[in-house]
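# Geometric and topological summary
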Amino acid sequence: MSALRGWKEIPIAGIPFEPAVKYKTGDWRVFRPVIDNEKCIKCGLCWMFCPDSSIIWDGDNFPTVDYEHCKGCGICAHECPTKAIEMVRG
Ligand code: SF4
Ligand code: SF4
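Residues numbered from 1 in each chain as written. Chains lettered and ligands numbered in written order. Predicted model: local features only at pLDDT ≥ 70, side-chain atom pairs only at ≥ 80, totals over all residues. Heavy atoms only, no water.

## Quick word on the site of ligand 1
Put simply, the test is: Note on terminology: near, applied to a residue and a molecule or strand, indicates that one of the residue's heavy atoms is within 4 Å of it. Residue polarity follows a fixed list, in which Ala, Val, Leu, Ile, Met, Phe, Trp, Tyr, Cys and Pro are nonpolar, Asp, Glu, Lys and Arg are charged, and the others, Gly among them, are polar.
Around ligand 1 lies a shell of 13 residues, among which Cys50, Cys70, Cys73, Gly74 and Cys76 are the nearest. Residues of the shell around ligand 1, tallied by class, amount to 8 nonpolar, 3 polar and 2 charged.

Okay, here's the thing in structure tokens:
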């Protein structure tokens, strides 16, 4: 096996922080995050901590969830300082 000459030659599964954008991983989910905009202060922590880049921003700069890719890990809900994110089944 020849040596890799740069990160671009790493096979896709070997890139540690490759976002899940290319894979529809939402089917893995048991619980899904639901965001209450009334409680959200737009701090961005959910976006920062999501390991799947599944927090996106709507036209009013509120976070919303890309359910095609969110795996339902609950990290966003755990990190939200105002408890604006609830994990619900489904
Ligand atoms: S539940 Fe996990 S994967 Fe889904 S948006 Fe929150 S942090 Fe991201
Ligand atoms: S972590 Fe909570 S308060 Fe901060 S942007 Fe996300 S939902 Fe809003």
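## Side note on unusual backbone geometry
We count it as follows: A run of H or I in DSSP counts as a helix once it spans at least four residues, and a run of E counts as a strand once it spans at least two, with each numbered from the N terminus. Each residue is placed in one exposure class: buried if its accessible area under a 1.4 Å probe, protein chains only, is under 20% of its type's maximum, exposed if it is over 50%, and partly exposed if it falls in between.
Residue Lys42 is not a glycine yet carries a positive backbone phi of 55°. Inspection of the secondary structure assignment puts Lys42 in the loop between β1 (31-35) and α1 (45-49). Residue Lys42 is classed as partly exposed on the basis of its relative accessible area, which comes to 40%. Of note in the backbone geometry, Lys83 takes a positive phi value of approximately 55° without being a glycine. Counting through the fold element by element, Lys83 comes out in the loop between α2 (75-79) and β4 (85-89). Accessibility expressed as a relative area gives 52% for Lys83, which makes it exposed.

## With respect to the side chain of Ser54
Going by this rule: Working rule for contacts: check all heavy atoms of both residues, and any pair within 4.5 Å makes them a contact.
Its place among the elements puts Ser54 in the loop between α1 and β2 (55-57). Judged by relative accessible area, Ser54 falls into the buried class, the value being 1%. Sequence-distant contacts of Ser54, defined by excluding residues within four places in its chain, comprise Thr64, Val65, Asp66, His69 and Cys70.

## Let's talk about the pattern of salt bridges
Note the threshold: Basic side-chain nitrogens of Lys or Arg form a salt bridge, by our definition, when they fall within 4 Å of a carboxyl oxygen of Asp or Glu.
Tallying each qualifying case throughout the model produces 1 salt bridge. The partner of Lys71 in a salt bridge is Asp52, and the shortest N-O contact between them spans 2.6 Å. With Lys71 in the loop between β3 (63-65) and α2 and Asp52 in the loop between α1 and β2, the pair connects residues that are 19 residues apart, well separated along the chain. Given a relative accessible area of 27%, Lys71 falls into the partly exposed group.

## Re the side chain of Asp52
Put simply, the rule is: Polar contact is defined as a pair of N or O atoms within 3.5 Å, subject to the rule that within protein one atom must be able to donate a hydrogen and the other to accept it, and that residues adjacent in sequence are counted only when both atoms are side-chain atoms.
For Asp52, a relative accessible area of 10% translates into the label buried. Reaching out from Asp52, the side chain makes a polar contact with the side chain of Lys71 at a distance of 2.6 Å.

## Examining the packing of aromatic side chains
Keep this limit in mind: In this analysis, rings of Phe, Tyr and Trp, with Trp reduced to its six-membered ring, are considered paired at centre separations within 6.5 Å, and the interplanar angle assigns stacked below 30 degrees, edge-to-face beyond 60, and tilted for intermediate values. Geometrically, a charge over a ring is one whose NZ (Lys) or CZ (Arg) sits within 6 Å of the ring centre while staying within 35 degrees of the ring normal.
Evaluation of the coordinates by the stated rule reveals 0 aromatic pairs. Of note, Arg32 hangs over the ring of Tyr67, and the distance from its end group to the ring centre comes to 5.8 Å. The ring of Phe62 carries the charged tip of Lys42 above its face, separated from the ring centre by 4.3 Å.

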